[in-house]
Amino acid sequence: MQGVKVRIIRDPELVGKDLYGYTHPNGAIDLYPDAFTNTEQLVKTIGHERTHTMQIYLYGHPNRFADDPLRLNQELRLNENAAHGIEDSFWQYYQNNKAGRLAGFE
């Protein structure tokens, strides 16, 4: 997460709205209250949003297709599918490394 700006949104009106995070076009991340439901949710949300920052860095933000709604929708879906697909990997990595040990190097 080095170099990524993260802002915690503490708006009580957002609790229970199933909003977890948002990645801005500049790669900055907002974390919403539901992201802090438990450790697993937080790790998965951070992994999800971090994936979006990497997507933006590598491919640009999908908003660049704002003049082509079909392409914009396609790019948004592809990015979301990839970010959702990696969440369990972030959680597994956290579980394997939370004690400060790297898997396979104990």
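Once a new chain begins, its residue numbering starts again from 1 and follows that chain's sequence as written. For this predicted model, a pLDDT threshold of at least 70 governs which residues receive local features, and a threshold of 80 or more governs which side-chain atom pairs are given and counted, while totals over whole chains, interfaces and linings are taken from all residues. Each side-chain value is worked out from all heavy atoms of the structure, with water and hydrogens disregarded.

K.L.:
Could you clarify how one ought to interpret helix H2 (residues 69-97) in this entry?
P.N.:
One turn of an α-helix holds 3.6 residues; hence residues three or four places apart share an orientation. Taking 1.5 Å of rise per residue, 29 residues should cover 42 Å, and H2 covers 41 Å from first to last C-alpha, within 8% of that figure. Bending of H2 peaks at approximately 30 degrees at the position of glutamate 87. Within H2, the full set of buried residues consists of Leu72, Glu75, Asn79, Ala83, Glu87, Trp91 and Asn97. Only DSSP runs of H or I covering at least 4 residues are called helices, and only runs of E covering at least 2 are called strands; the numbering of each starts at the N terminus. By this rule the span expected of a helix is its residue count minus one, scaled by 1.5 Å. Bend at a residue means the angle formed by two fitted axes: the first through the 7 residues ending at that position, the second through the 7 residues beginning there. Only protein chains enter the calculation, and the probe is 1.4 Å; a residue is then buried if its accessible area is under 20% of its type maximum, exposed if over 50%, and partly exposed in between.

K.L.:
For this particular structure, what's the right way to read unusual backbone geometry?
P.N.:
Among all residues except glycine, the phi angle is most often negative; among peptide bonds, the trans geometry is most common. The phi torsion at aspartate 18 lies on the positive side, around 60 degrees, for a residue other than glycine. You can see aspartate 18 is positioned in the loop between strand S1 (6-8) and strand S2 (21-23).

K.L.:
Quick question: what am I supposed to make of the side chain of glutamate 75 here?
P.N.:
Structurally, the position occupied by glutamate 75 is in helix H2. Exposure remark for glutamate 75: the relative accessible area of 14% places this residue in the buried category. When near neighbours in sequence (up to four residues on either side) are disregarded, glutamate 75 contacts Pro62, Arg64 and Phe65. The criterion used for residue contact is that any of the two residues' heavy atoms lie within 4.5 Å.

K.L.:
I'm lost on the pattern of salt bridges in this one. Help?
P.N.:
One side chain can pair with another of opposite charge once the charged atoms of both are near each other. By definition, a salt bridge exists where a carboxyl oxygen of Asp or Glu is found within 4 Å of a side-chain nitrogen of Lys or Arg. Scanning the model with the defined rule gives four salt bridges in all. Residue lysine 44 is joined to glutamate 40 by a salt bridge in which the shortest nitrogen-to-oxygen separation is 2.9 Å. Of this pair, lysine 44 and glutamate 40 both sit in helix H1 (residues 39-59), four residues apart, which is roughly one turn of the helix. A relative accessible area of 31% places glutamate 40 in the partly exposed class. Residue aspartate 88 is joined to lysine 44 by a salt bridge in which the shortest nitrogen-to-oxygen separation is 2.9 Å. Here aspartate 88 is found in helix H2, whereas its partner lysine 44 is found in helix H1, with 44 residues between them in sequence. Among the residues examined, lysine 44 registers a relative accessible area of 14% and is labelled buried.

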